[in-house]
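Here are the chains, one letter per residue:
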Amino acid sequence: MKALILVGGFGTRLRPLTLSVPKPLVEFCNKPTVVHQIEALVEAGVTHVILGVGYRADVMETELKKHEERLGIKISLSYEDTPLGTAGPIALAREMILEDTERPFFVLNSDVVCHYPFKKMLDFHEKHGREGTICVTKVEEPSRYGVVVYGDDGKIDRFVEKPTSFVSNKINAGLYLFNSSILERIEMKPTSIEKKIFPAMCGEGELFAMELQGYWMDVGQPKDFIIGATLYLEHSAKHRPDLLCKNESCLGNVLVDKSAIIGRNCQIGPDVVIGPDCVIEDGVCLQKATIMKGSKIGSHTWISNSIVGWKCTIGRWVRMEGVSVLGEDVTIKDELYINGGRILPHKEISVSVPNPAIIM
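Please read these numbers as outputs of a predicted model, since none were measured by experiment.

1. Considering the nonpolar core
If you look at the biggest cluster of nonpolar residues, it comprises 64 residues, and the most contacted ones within it are Ile5, Leu41, Val49, Leu51, Phe106, Phe118 and Leu175. Discounting chain neighbours no more than four positions away, the residues touching Phe106 are Met1, Lys2, Ala3, Leu4, Leu41, Val46, Phe118, Met121, Leu122, Tyr176 and Leu177. Counting residues in hydrophobic clusters, the runner-up holds 31 residues, among them Ile262, Val284, Ile297 and Leu326.

Written out as C-alpha cells, the structure is:
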C-alpha cells in the first residue's frame, strides 16, 4: 500500500527554523514531523511512501534514507519544478501510485500532527465503498475555516467557506484515502484539491467524512507548533506516560532526551520538550517551550511560549517569551529580554528585543 505526503515549498511560515532545515525535517517533540507520519503509516500497512517535494529535495533524500532502511520500506521523492497546489502533486506521482491499483492510497499534508487514525480510515473506506475518504476534526470557531457538512453515514453534502452562521463545526483535517480512480479527475497543473476536486466528488456522492478522535493541529507556524506540542504531550501522558520525564525538576508533561543535562533547582514544565545534547544550567525555568538539539540555556534564564533552534547559546538571566523563535546557532547575551523575536540563524544578540521583530 502507498501514501503520498504533500511537503510543498519553502516553509516560510515556520521561519527561521526552515532556513536551516526543510520543514518536514524540523523536529516536533524530538522527531521530524514527517517521521511521526511515516511511522504511523507503516503501522497501518503502508510499504511505499512518496513525498511531493519542491524545496531542498537533496537534504530530504539523505535524511530519509536512514528511516527507509530502519523501517524496511521504500521512500521515494516526487519533484515539483513549479508549485502544483494540493492536487497537482497527486497527478505528478501518478506512475508510482498506479503500481498498485488494487489498494487505496493515503494522501496527507506534512504539517498535520494528531493520533493518526490510518487503520480506522481503511476500515471506514472499505465499508462505504466510494472513491474518497477525508478526515475531519471539530473546532471551536468554525467561522475561521471552511467547514464540511455531512450526514450520519459520513456522506459529504457540501463544503461551506468561513460560514457566518452555524452549519457545521467540522473542518478538513488534511488526511485522505483515495481509490486510484481519483487520478482520472486530476490534471498535471496547479490545482486545489479542496476547491476543485472535492466539490466534484461530493456532487457525485463519492466523498465521505470520518471524524478524527483526539487531538489535531497544523504545526506549520510557530504559535501552532507550540500548541501542537502541548497536545502531543497531553496525549502521551494518557497513552504513553513512559515517554515523559520523571525528573524532580519536571512539572507536568515534559519530554526530555536522555542525553540532555539538567542542572539543580530548575523548573521544567509544563509542556516542555528538550532535545538531544542540550544543557540546562542551574535555576532555569522553562514552560511551553521547545529546546532543540545541542542548545545551552544559561543559569536562571526564564523561557516561555518559545522555540529555541539547534545549537543556540542563551546567556544567564535571560527572559524570553511571546512566541519567540531562534534559528540555528543563535547566541543571546546575558540579562536580555526577548519578546516575540524571530532571530535568523548565526546571529549574536547583545541588546534586548522588547517588541516583536524579525532580527536579520
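2. Details of the side chain of Asn172
Along the chain, the position of Asn172 falls in strand β11 (residues 170-178). Side-chain polar atoms of Asn172 contact the backbone nitrogen of Gly174, separated by 2.8 Å. A polar contact is formed between the side chain of Asn172 and the side chain of Tyr176, at a distance of 2.9 Å.

3. Some remarks on the pairing of strand β9 (residues 146-150)
In this sheet, strand β10 (residues 156-161) lies alongside β9 in antiparallel orientation, the contact comprising five bridges. Looking across to β10, one finds that Tyr150 is bridged to Ile156. Between the antiparallel neighbours β9 and β10 lie five residues, among them Gly154 with a positive phi of about 95°.

4. Re helix α1 (residues 33-43)
Burial runs high along α1: eight of the eleven residues are buried. Just past α1, the residue Gly45 takes up positive phi, approximately 105°.

5. Quick look at the state of the cysteines
Taken as a whole and judged by the stated rule, the model has zero disulfides. In this structure Cys135 is a free cysteine whose sulfur lies 7.1 Å from that of Cys114, the closest cysteine sulfur available. The thiol of Cys278 is not disulfide-bonded; the next cysteine sulfur, from Cys312, is found 9.5 Å away.

6. Brief notes about the side chain of Thr301
By the element assignment, Thr301 lies in the loop between β20 (296-297) and β21 (302-308). Its relative accessible area of 1% is what places Thr301 among the buried residues. Among the polar contacts made by the side chain of Thr301, one reaches the main-chain amide nitrogen of Val318 at a distance of 3.0 Å. When sequence neighbours within four positions are dropped, the list of residues in contact with Thr301 reads Gly283, Val284, Cys285, Ile314, Gly315, Arg316, Trp317 and Val318.

What counts, and at which threshold
- Residues numbered from 1 in each chain as written.
- Predicted model: local features only at pLDDT ≥ 70, side-chain atom pairs only at ≥ 80, totals over all residues.
- Heavy atoms only, no water.
- Core = buried A, V, L, I, M, F, W, Y, C linked by side-chain atoms within 4.5 Å.
- Buried < 20%, exposed > 50% of the residue type's maximum accessible area, 1.4 Å probe, protein only.
- Contact = heavy atoms within 4.5 Å.
- Helix = DSSP H or I, 4+ residues; strand = E, 2+ residues; numbered from the N terminus.
- Polar contact = N/O pair within 3.5 Å; in protein donor to acceptor, adjacent residues only side chain to side chain.
- Pairing = 2+ DSSP bridges.
- Disulfide = S-S within 2.5 Å.

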